[in-house]
Amino acid sequence: MDNSLQKTWMFRADLGEVDRISAEVSSCLQELELQKHNFAVQLLLREALNNAVLHGSAQDPAKQVRLDLHISADALCLAVEDEGPGFDWRSILANPLAGQTQECGRGLQIYRFYADRVEFNSSGSRVVLTRLLNPLARAA
Amino acid sequence: MDQNPKITRSAEKAEMLLAGDITASTSTELRAALKNLVGDGVRELVVDLSNVRVVDSSGIGLLVAAHNSLSRLGGQVSVINASNDLIELFKAFRLDKHFSIARKE
């Protein structure tokens, strides 16, 4: 089965849209028989989209968020970009893990746990999350 | 689909059967429901995840907030019927060190 797919969504900065697009991506994975990655991809996708809507766009529905989904035989790649000013991802990634009883600040930890590669642009307004689909490559 | 949690109450104990995922779009309402329960005297909260597939960082924050609130009052939170994926997630964030988490049977 050909496991390749390239798809782009542009949507207004609204959490309801995050739910809708998450469901559509889940359907894409099912069609490509990649259901076993669905939980990890849903978490990565929701964190990236939530950050773009809540922080990058401050839930301003006039602002747009872009998602590019690229699936190849080896990897699934999510690229999320918003129109906001970005954030200082370098200092956040450099800090230790959030305390176990803090109520926020776990988004980047989810990236680290479920993605094999996490890349930001310089300003932090775009993140690219890559998850390898081959179990042997993931374990390497 | 009705997204309201089903709550079964007996004295200081409440069991909350969630209708769907705990995410940024649902956590605000759930947070209000939890606050009402605690304000109404609940000290033992059981969260039933039978219908929950995904808990994002907002949802994890919500569970931690419930744990923090009830701990301060001498109460506790427990989670039941979690999927294997959710248990792996909760363990990654060491939530299992703070409250009981039971697997879906």
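Scoring rules and cut-offs
- Residues numbered from 1 in each chain as written.
- Chains lettered and ligands numbered in written order.
- Predicted model: local features only at pLDDT ≥ 70, side-chain atom pairs only at ≥ 80, totals over all residues.
- Helix = DSSP H or I, 4+ residues; strand = E, 2+ residues; numbered from the N terminus.
- Contact = placed C-beta atoms within 7 Å.
- Pairing = 2+ DSSP bridges.
- Axes fitted to C-alpha atoms, helices over the stretch in contact; angles between N-to-C directions.
- Expected span 1.5 Å × (residues − 1).
- Buried ≥ 20, exposed ≤ 12 C-beta atoms within 10 Å, placed from the backbone.
- Parallel < 35°, antiparallel > 145°, perpendicular 65-115°, else oblique.
- Left-handed = near helix turned anticlockwise from the far one by under 90°.
- Nonpolar A, V, L, I, M, F, W, Y, C, P; charged D, E, K, R; others polar.
- pLDDT = per-residue confidence, 0-100.

Draft legend 1. Local environment of the overall build of chain A. What chain A contains, in helices and strands, is five helices and five strands. A sequence separation of at least 24 residues applies to 65% of the contacts in chain A between residues at least 6 apart.

Draft legend 2. Structural detail: the sheet that holds strand S1 (residues 6-10) of chain B. Residue and element names in this part refer to chain B. On the basis of which strands lie adjacent, the open sheet formed by five strands has the order S1-S2-S3-S4-S5 and mixed pairing. Looking at strand neighbours, the two that pair on one side only are S1 and strand S5 (100-103), the edges of this open sheet. Taken pair by pair, the neighbouring strands of this sheet meet at an average axis angle of 15°, ignoring direction. Sitting on the sheet, helix H2 (residues 57-72) is in contact with strand S3 (44-48) and strand S4 (76-82), with an inclination near 145° to S4.

Draft legend 3. Just H2 of chain B, in detail. If you check H2 of chain B, its first and last C-alpha atoms are 22 Å apart, about what 16 residues at 1.5 Å a residue would give, namely 22 Å. Here H2 of chain B has its buried residues at Ser 57, Ser 58, Gly 59, Ile 60, Gly 61, Leu 62, Leu 63, Val 64, Ala 66, His 67 and Leu 70 of chain B. Those residues of H2 of chain B that are buried are in contact with helix H2 (38-56) and helix H4 (107-114) of chain A together with helix H1 (27-39), S3 and S4 of chain B.

Draft legend 4. Inspection of the packing of helix H1 (residues 15-31) of chain A against H2 of chain A at higher detail. Residue and element names in this part refer to chain A. The geometry of H1 relative to H2 is characterised by a closest axis approach of 10 Å and an angle of 155° between their N-to-C directions. Taken together, the axes of H1 and H2 are roughly antiparallel relative to one another. Handedness of the crossing formed by H1 with H2: right-handed. In contact with Leu 15, Val 18, Ile 21, Ser 22, Val 25, Ser 26 and Leu 29 of H1, H2 contributes Asn 38, Val 41, Gln 42, Leu 45, Arg 46, Leu 49, Asn 50 and Val 53. Split into classes, the residues belonging to the contact of H1 with H2 amount to nine nonpolar, five polar and one charged.

Draft legend 5. Molecular detail of unusual backbone geometry. Residue and element names in this part refer to chain B. Of note, Asn 81 is a non-glycine position whose phi angle comes to about 60°, a positive value. Following the sequence through the fold, Asn 81 ends up in strand S4. The phi dihedral of Arg 94 is positive, around 60°, even though this residue is not glycine. Its place among the elements puts Arg 94 in the loop between helix H3 (84-92) and S5.

Draft legend 6. Focus on the interface of chain A and chain B. Tallying the contact residues gives 19 residues for chain A and 18 residues for chain B. Looking at the side of chain A that touches chain B, its residues break down into eight nonpolar, six polar and five charged.

Draft legend 7. Quick look at the packing of H1 of chain B against H2 of chain B. Residues and elements named next belong to chain B. Packing of H1 against H2 leaves a shortest axis separation of 10 Å and a crossing angle of 10°. Of the possible angle classes, the one that applies to H1 and H2 is roughly parallel. Contact with H1, carried on its side by Ser 27, Leu 30, Arg 31, Leu 34 and Val 38, involves Ser 58, Gly 59, Leu 62, Ala 65, Ala 66, Ser 69 and Leu 70 of H2 and no other residues of that element.

Draft legend 8. Main features of the confidence of the model for chain A. Of all residues in chain A, 87% attain a pLDDT of 70 or more, and the chain-wide mean is 89. Predicted confidence in chain A is weakest over helix H5 (residues 135-139) of chain A, with a mean pLDDT of 69, and strongest over strand S2 (residues 64-71) of chain A, with 98.

Draft legend 9. Region of the structure containing the sheet that holds S2 of chain A. All names here are of chain A. The five strands lie next to each other as S1-S2-S3-S5-S4, forming an open sheet whose pairing is antiparallel. Either end of the sheet is taken by a strand with one partner, and the two such strands are strand S1 (5-12) and strand S4 (117-120). Looking at each pair of strands side by side, their axes are set apart by 10° on average, direction ignored. Contacts from H2 reach S2, strand S3 (75-82) and strand S5 (126-132), with the element oriented near 10° to S3.

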